[in-house]
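Examining the three-dimensional arrangement
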Amino acid sequence: MPEFSPTQYAVPLFVIAVLAEMIWARFKRPDAYEPKDTLLSLTFGLGSTVAAALLGGFALYVFIEAYEYRILDFGDEWWALWWAWPLCFVLDDLKYYWVHRAGHRIRWMWASHVNHHSSQHYNLSTALRQSWTGAFTFGFVFALPLVLLGFHPAMIAICAGFNLVYQFWIHTEAIRRMPRWFEAVMNTPSHHRVHHATNPRYLDRNYAGVFIVWDKLFGTFEPERDDEPIRYGIIRQLGSFNLLWAVFHEWIGMIGDIVRAPWKHKLSYLLREPGWSHDGTRETSDMIRESWRARTGQDSRTAEPVANRNPIAEHGEAA
Amino acid sequence: MDIPPLLLQTLGSLVAILVLAGLAALLKLGGASKLASDGDVRRAAGEVVDGFEAIECAAARDGAAALARDALGRIMLIKRHGNRFAGRILTPLARVRRHGDALEVDCGEKRFGKVLLALDDPASWQARIDAIGPA
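Every chain begins its residue count from 1, and numbering advances along the sequence as written. Here every chain gets a letter starting at A, and every ligand a number starting at 1, in the order they are written. Only residues with pLDDT of at least 70 get local features here, since the model is predicted, and only at 80 or more are side-chain atom pairs given and counted; chain-wide, interface and lining totals rely on the full set of residues.

All right, on to the overall build of chain B then. The numbering of helices and of strands both runs from the N terminus, where a helix is a DSSP run of H or I of at least 4 residues and a strand a run of E of at least 2. Helices and strands together make up the secondary structure of chain B, namely three helices and seven strands. Start at the N end of chain B and walk to the C end: the helices and strands fall as α-α-β-β-β-β-β-β-β-α. We compute the radius of gyration over the C-alpha atoms and compare it with the globule rule, which gives 2.2 Å times the number of residues raised to the power 0.38. For chain B, the C-alpha radius of gyration of 20 Å lies well beyond 14 Å, the compact-globule estimate for 135 residues. Projected onto its principal axes, the C-alpha coordinates of chain B cover approximately 65 × 35 × 30 Å. By the convention adopted here, residues make contact when the C-beta atoms placed from their backbones lie within 7 Å. Across chain B, the fraction of contacts at a sequence separation of at least 24, relative to all contacts at a separation of at least 6, is 42%.

Encoded structure:
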């Protein structure tokens with residue numbers, strides 16, 4: 001089977017699409033882009049491909065070794081099994097959901113994934129803002145069940161490549177909503193804007209790659225509301241366009257916390273959610289959402305204040 | 001001469017990146033958001049830290065930065081970052097220096113940088129920042 005990387009072939013399309021969105025922004029939303037931010041995001045993208053080429057060997061080695069222990073054998077001509085491709089794509093997307101969710105809920109993984117979220121803008125250049133340090137996390141482990149099931153690592157890599165290419169176009173504010181049936185099943189610009197938001201209502205929601213159904217299935221779906229402007233980025237915005245700081249800031253912060261923490265808490269700074277602290281001086285996304293709920297009386301899953309959904313009060317009248 | 005494919009691809013991508021970033025500047029994308037009123041500062045402060053309700057604000061005359069105080073006595077430094085805003089609640093690590101009617105505020109975080117604000121009432125804000133103690 002020839003070597004094939006969907007993302008490499010898609011690069012010219014990425015460039016053309018970013019250019020087209022910039023022209024749209026020029027006439028409709030000049031603030032949607034910021035030259036320094038764009039430069040930083042695109043440099044992130046370039047660096048991530050170099051990092052993957054230099055550091056991806058270990059994961060590949062593990063996959064090839066693991067493939068020897070596969071449960072099912074699709075034969076030497078595994079690539080000719082037409083049905084294996086869509087099946088692999090769907091299962092890889094399910095894997096993506098979980099690796100992505102872990103990327104937001106485990107600080108070790110967040111240290112790498114935060115790179116993708118650190119822009120305060122949301123445009124097609126943000127899609128290319130990919131991490132340089134993914135190889136230093138354990139994200140690849142999530143793909144091992146697929147390898148052990150019998151899917152060849154190359155098939156998984158190609159499906160993952162198409163998954164990544166799909167996710168490019170949803171990083172835009174130029175598209176409000178797709179047709180209803182599409183929004184119901186697929187990840188869309190609207191769903192993914194929610195994912196990049198720092199509004200308490202939207203924190204740690206919509207982890208999907210291609211199919212939004214995973215979020216609906218696992219209880220992390222949140223629809224975008226038209227009455228609440230989205231703020232993009234991270235809870236503690238960088239306030240700097242320094243590339244190296246943008247790449248490594250969370251690693252530096254995490255390692256510093258581990259060094260300073262009492263022994264019994266060190267591992268928690270590695271494995272617990274971002275924002276967790278042993279002395280309660282910081283806030284996790286759950287804590288921020290809870291404070292917001294308490295302050296506003298709103299529930300993130302509904303448009304109404306919590307009190308309005310009280311089943312006892314629902315049909316009653318004020319005393 | 002044989003150029004490794006990865007190097008060739010990297011150089012090609014680098015050229016594309018510089019062209020796109022240059023175009024963003026050429027098309028005058030971005031612009032400079034301003035904190036022109038107390039309302040702007042309050043909104044920005046509430047975005048920096050959800051639930052931060054400023055009861056007193058001071059926007060720099062150029063609209064590029066601001067200070068805000070909430071009922072708990074917390075002081076927030078806000079600065080323009082690109083065409084968005086970023087901020088920090090000041091801690092005992094914060095340092096402030098007076099330059100005429102301007103304050104140079106250092107939140108203590110090197111990469112956030114020092115922020116210069118020309119204010120109408122720099123003395124009172126300087127005193128408040130100097131008085132920040134442990135939470």
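The domain boundaries assigned to chain B delineate domain 1 (1-28) and domain 2 (38-130). Domain extents, as shown, originate in an automatic or database domain assignment. Relative to domain 2 of chain B, the C-alpha centre of domain 1 of chain B lies at a distance of 38 Å.

Turning our attention to the packing of helix α1 (residues 6-28) of chain A against helix α8 (residues 153-168) of chain A. Residue and element names in this part refer to chain A. All axes here are fitted lines through C-alpha atoms, helices being fitted over the stretch that makes contact, and every angle between N-to-C directions spans 0 to 180 degrees. Where α1 meets α8, the axes come as close as 9 Å, and the angle between the chain directions of the two elements is 20 degrees. With respect to their mutual orientation, α1 and α8 come out roughly parallel. At the point where α1 passes α8, the crossing takes the right-handed sense. Contacts from P6, T7, A10 and F14 in α1 reach I158, G161, F162, L164, V165 and F168 in α8. Considering only residue class, the contact of α1 with α8 consists of eight nonpolar, two polar and no charged. Angle categories: roughly parallel below 35 degrees, roughly antiparallel above 145, roughly perpendicular from 65 to 115, and oblique for all the rest. Less than a right angle of anticlockwise turn of the near helix away from the far helix marks a crossing as left-handed, whereas a clockwise turn marks it as right-handed. As a working rule, the residues Ala, Val, Leu, Ile, Met, Phe, Trp, Tyr, Cys and Pro are called nonpolar, Asp, Glu, Lys and Arg charged, and the rest polar, with Gly in that last group.

Attention now goes to α1 of chain A. Residues separated by three or four positions in an α-helix point in the same direction, a consequence of the helix having 3.6 residues per turn. Any helix carries an expected span of 1.5 Å times its number of residues minus one. Helix length check: α1 of chain A (23 residues) gives 31 Å between terminal C-alpha atoms against 33 Å at 1.5 Å per residue, within 8%. Of all the bends found along α1 of chain A, the most pronounced is centred on P12 of chain A and spans about 35 degrees. Exposure criterion: with C-beta atoms placed from backbone coordinates, a residue whose C-beta has 20 or more other C-beta atoms within 10 Å is buried, one with 12 or fewer is exposed, and one in between is partly exposed. Taken residue by residue, α1 of chain A has F14, V18, E21, M22 and A25 of chain A as its buried positions. Its buried side turned inward, α1 of chain A meets α6 (124-127) and α8 of chain A together with α1 (5-26) of chain B. Two axes enter the definition of the bend at a residue: one is fitted to the seven residues ending there, the other to the seven starting there, and the bend is the angle between them.

The next thing to look at is the sheet that holds strand β2 (residues 65-70) of chain B. All names here are of chain B. When DSSP locates at least two bridges between a pair of strands, those strands are taken to pair. The antiparallel open sheet is built from four strands, whose spatial order is β1-β2-β3-β4. With one partner strand each, in any of the chains shown, β1 (54-59) and β4 (84-89) form the two edges of the open sheet. Mean inter-strand twist for the sheet, computed between neighbouring axes without regard to direction, equals 25 degrees. One ladder, built from five bridges, connects β2 with strand β3 (residues 75-81); its direction is antiparallel. Counted as the bridge partner of A65 is K79 from β3. Along the sheet, helix α2 (residues 38-48) makes contact with β1, β2, β3 and β4, crossing β1 at roughly 115 degrees.

Time to look at the environment of Q126 of chain B. Residues and elements named next belong to chain B. When you line up the elements, Q126 lands in helix α3 (residues 122-130). Judged by local crowding, Q126 falls into the partly exposed class, with 17 C-beta atoms found within 10 Å. Separated by 50 residues in the primary sequence, Q126 and M76 have C-alpha atoms spaced 13 Å apart. In contact with Q126, not counting residues within four places along its chain, are V96, R98 and L103.

Opposite the 33 residues of chain A that make contact, chain B presents 28 residues. Of all the elements in the fold, those that place two or more residues in the side of chain A that touches chain B are α1, α2 (35-55) and α14 (285-296) of chain A. For the side of chain A that touches chain B, the class distribution of residues is 18 nonpolar, eight polar and seven charged.

We now examine the pairing of strand β7 (residues 114-118) of chain B. All names here are of chain B. Of the two faces of β7, only the one carrying V115 and L117 is buried; K114, L116 and A118 on the other face are not. Alignment of strand β6 (residues 102-106) against β7, held across five bridges, turns out to be antiparallel. Within the sheet, the bridge partner assigned to A102 lies in β7 and is A118.

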